[in-house]
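# Fold and geometry: a report
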Amino acid sequence: MTSFLDNPGGFATGRRRRAVSDMPRCTIVVVGKTGVGKSTLINGVFGEQLAETGVGRPVTQHFSEYSVPGMPVTIVDSRGIELSQDLRAVTDELLREIEDRLRGPADRHLHVLWYCISAEGARFEPETEGALLRAVGGSTDLPCLVVLTKAYDPEDQGVAELKRFVEHENLPLRGVVPVLAEGRYDLPPHGLDALITATEAHIDEGVRAAFVNAQVREIGAKLTSALARVDELADEQDTAYRPLAFASEAFGRGDAGEEERYLRRVLDVIAEVAAIFGVATATDERLEVLALATLGGQTGLKGLHNFLRNASRLALLIPPVGPTVTVKIGAKLVSALIAAEGANRVDKAERVRAQLLSRIYGRAAAAVLAEAAHADLAGRTLPDPDFAARFDEQLDHEAAAAVES
Ligand SMILES: Nc1nc2c(ncn2[C@@H]2O[C@H](COP(=O)(O)OP(=O)(O)O)[C@@H](O)[C@H]2O)c(=O)[nH]1
Ligand SMILES: [Mg+2]
């Protein structure tokens, strides 16, 4: 049997897979006539993965369901709506589908409707499209947003007029959002961030994490929830784990089993951060790079040794061994640490120091993944060696920030 030390990447990707499958799934219904730009919109929000590799499964006459492994979002996409007349059948199918799913398990429920109208066509039909939105938004709890697709120029009068027209229909809507999902000529994309923010605001809180994970544009939202998760995990460690005994140089030698358990905990935190960033950003390859970098680029006992050495080095920056000054992050933990040391509670102090280190590794992973996500969006992907090097720099930065005045 290979130990996780021999395959830290496999260990981390496995933990990430589990964290993602534990996330309640978010299901988005995308409705609109053929050619309005539904697929382009979905690609813009979720990256190429969903449309390229997602396997459609027919749900009803006019709906197919798409998902890809590792992504906690399901898309229910309408197809074959050519005539306004088709929309009546679509309305009935949708109402029936919503009800059926509400009777089933929660992971089958629908969470938001994006109704797409082409701003290029500049037509909204109150008697069919308006009727669908009135029926769905009025008789169910499904939040509905109208997306004005192919809104090439955000300043365009025609787009503003169409938006006003839809808004004045008094439909049960949570918003009307003009979007250009994919740039054209010299017109840059716009509006996707607004759509994501509005969706986040209106979907059920329970599936928000899944939505934040799957979308590829709002990197700030991913970073915020990843950092919150790091705090949560570090707090859990206070009660769940035995004293840290690994930092041999600085704090005396512990047994090897304890040291391995601690490394596993750190990899767990990194895997959970990756789960929040999502597979489009935190690819298996990148997560493997992070896991291996945590072991100083080596597997087996050599890797464990590298990790312990690095952790000891980082721990030296933490008070009261390191400079006891005003603390920016983890202030609660550091005061707990100082109190424990003051009361001569060595076991407690070790535990708190371990929490701080988990926090440093988790925050560094989040920072470097955010950087990678920004680079991906700008079309200049970070090569793996740069990614690993940036992670090391972030570790130092986070350790220093923990004691920064
Ligand atoms: N440049 C640009 N083209 C778009 C946009 N949305 C849709 N299109 C184009 O419109 C056509 C239909 O889009 P598609 O997403 O397949 O529509 P669907 O049938 O609703 O899924 C394709 O040729 C797209 O390239 C957009 O935001 N920008
Ligand atoms: Mg399509």
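The paragraphs below set out a description of the structure included in this document. Model, not experiment: these values are computed from the prediction. (Residues numbered from 1 in each chain as written. Chains lettered and ligands numbered in written order. Predicted model: local features only at pLDDT ≥ 70, side-chain atom pairs only at ≥ 80, totals over all residues. Heavy atoms only, no water.)

### Digging into the pattern of salt bridges
Under the counting rule described, the total for this entry stands at 21 salt bridges. With a shortest N-O distance of 3.8 Å, Arg103 and Glu99 are connected by a salt bridge. Taken together, the residues Arg103 and Glu99, both in helix α4 (residues 86-103) and four residues apart, mark about one turn of the helix. On the basis of relative accessible area, Arg103 is assigned to the exposed category, the value being 62%. (Salt bridge = Lys/Arg side-chain N within 4 Å of Asp/Glu carboxyl O. Helix = DSSP H or I, 4+ residues; strand = E, 2+ residues; numbered from the N terminus. Buried < 20%, exposed > 50% of the residue type's maximum accessible area, 1.4 Å probe, protein only.)

### Focus on helix α12 (residues 284-294)
By the burial criterion, the buried members of α12 are Arg286, Leu287, Val289, Leu290, Ala291, Ala293 and Thr294. Directly beyond the C-terminal end of α12, a positive phi value near 60 degrees is found at Gly296.

### Description of the nonpolar core
Counting 53 residues, the largest nonpolar core has Phe277 and Phe391 as its most contacted members. The element best represented in this core is helix α15 (residues 346-377), accounting for 13 residues. In contact with Phe391, not counting residues within four places along its chain, are Ile270, Leu290, Ala293, Thr294, Tyr361, Ala364, Ala365 and Val368. Within the second largest apolar cluster, 31 residues are counted, among which are Leu41, Leu195, Ile203 and Val279. (Core = buried A, V, L, I, M, F, W, Y, C linked by side-chain atoms within 4.5 Å. Contact = heavy atoms within 4.5 Å.)

### Side note on the environment of Glu182
In this fold, Glu182 is placed in the loop between β7 (176-178) and α7 (192-202). Contact partners of Glu182, with chain neighbours within four places excluded, come to Thr40 and Pro189.

### So, the site of ligand 1
Contacts to ligand 1 come from 14 residues, most closely from Gly35, Lys38, Thr40, Ala181 and Glu182. Lys38 is positioned with one of its backbone polar atoms (N or O) 2.8 Å from an oxygen atom of ligand 1. A distance of 2.7 Å separates a nitrogen atom of ligand 1 from a polar backbone atom of Glu182. Bound to the protein, ligand 1 loses 71% of the 570 Å² it would expose on its own. A class-by-class count of the residues in the shell around ligand 1 yields three nonpolar, six polar and five charged. (Near = heavy atom within 4 Å. Polar contact = N/O pair within 3.5 Å; in protein donor to acceptor, adjacent residues only side chain to side chain. Areas by Shrake-Rupley, 256 points an atom, 1.4 Å probe, with all protein chains shown as cover. Nonpolar A, V, L, I, M, F, W, Y, C, P; charged D, E, K, R; others polar.)

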